Amino acid sequence: MLNEKVAVVTGASRGIGAAIAEKLAANGAAVAILDIGNLEAAEALKGKIADNFGVKAMVYQCDVTDSEQCVEVVKNIVSEFGKIDILVNNAGITRDALLVTMEEENFDKVIDTNLKGCFNMIKACGRNFIRNRYGKIINIASVSGLLGTAGQANYAASKAGVIALTKVTAREFGAKNVCCNAIAPGFIETDMTKDLQNGEEYLKSIPLKRLGKPEDVAKLALFLADEASDYITGEVIRVDGGLAI
Ligand code: NAP
């Protein structure tokens, strides 16, 4: 389905990013696996992708908060793969605390990674998409950005920002045949959520009565990367088992 397509996934060494990189590769895309530091895991994923799906995969160290690094890595990817068709902005962090006790540094760090990181990568890839008159940008937001989850002032604000950025990007790039959509996951079982005490509490609010898996998000990312979604842009789709209905 994605044969001949080149996908870039940020924060792809583990969790949702790794599942998305694998899913796109399983459907024929060549994949650039970007990660800030866990390069051993990224290399292992690259090996798995090459062995199982026979598509090209490369690992790039990239801190999405560093705009110059983003530009440099995108340049290297285009020189290695020839182009970029799909950008998945997945890299993200949490630093939860109640608003009155939240360290300013932790507010800034979360905004820098989740929101500015997304902006940095869209900007770095922008000319490539415009030149090619083609692109699928998929931003990983969160239901927290829709609901304003208590204890997540920094995270919820960053993800609400990602949703607004998605809509702006859809408007600005639409005439160039570039689609931009956001996925808003609910509670997905990854390292990010493994220490949350209230996982069982969440279950009570989830109509589908199970926590999500990275694969649940990856399936939607595949749809948004594929021509099946060619007339969808500026949309925010929840993958949350109904949590935020
Ligand atoms: P995760 O398991 O903690 O993985 C996060 C990934 O992002 C890691 O690979 C990490 O790299 C990378 N990363 C962090 N900072 C980075 C930076 N500055 N530059 C580049 N990469 C960076 O998290 P996850 O649960 O898979 O979450 C993935 C995305 O989904 C995030 O945007 C998150 O906000 C969103 N999301 C998750 C849930 C959930 O319930 N899990 C719900 C809603 C939304 P290292 O491995 O090197 O640390």
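Above this text sits the structure in question.
Residues numbered from 1 in each chain as written. Predicted model: local features only at pLDDT ≥ 70, side-chain atom pairs only at ≥ 80, totals over all residues. Heavy atoms only, no water.

A. Representation of the pairing of strand S6 (residues 178-185). Counting buried positions over the eight residues of S6 gives eight, a clear majority of the element. Of the pairings in the sheet, the one linking strand S5 (residues 135-140) to S6 comprises six bridges and is parallel in character. Bridge pairing in S6 links Gly135 to Val178. Bridging between S6 and strand S7 (residues 236-239) involves four bridges; their strand directions are parallel. Residue pairing for S7: Ile183 is matched across the bridge by Ile237. (Buried < 20%, exposed > 50% of the residue type's maximum accessible area, 1.4 Å probe, protein only. Helix = DSSP H or I, 4+ residues; strand = E, 2+ residues; numbered from the N terminus. Pairing = 2+ DSSP bridges.)

B. Examining the site of the ligand more closely. Surveying the vicinity of the ligand reveals 31 residues, the closest of which are Arg14, Asp35, Asn90, Tyr155 and Thr190. Contact distances for the ligand include 2.4 Å between an oxygen atom and a side-chain N or O atom of Asp35. Here the ligand has 910 Å² of accessible area as a free molecule, and 93% of this is covered by the chains. Breaking the shell around the ligand down by element, the ones donating at least two residues are helix H1 (15-26) and helix H6 (153-173). Tallied by class, residues from the shell around the ligand come to 13 nonpolar, 13 polar and five charged. (Near = heavy atom within 4 Å. Polar contact = N/O pair within 3.5 Å; in protein donor to acceptor, adjacent residues only side chain to side chain. Areas by Shrake-Rupley, 256 points an atom, 1.4 Å probe, with all protein chains shown as cover. Nonpolar A, V, L, I, M, F, W, Y, C, P; charged D, E, K, R; others polar.)

C. Highlighting the packing of aromatic side chains. A full pass over the atoms with the stated rule returns one aromatic pair. The positively charged end of Lys5 is found above the aromatic ring belonging to Tyr134, 4.7 Å away from the centroid. Geometry around Phe81 places Lys56 over its ring, the cationic atom sitting 4.9 Å from the centre. (Phe/Tyr/Trp six-rings, centres within 6.5 Å; stacked < 30°, edge-to-face > 60°. Lys NZ or Arg CZ within 6 Å of the ring centre and 35° of its normal.)

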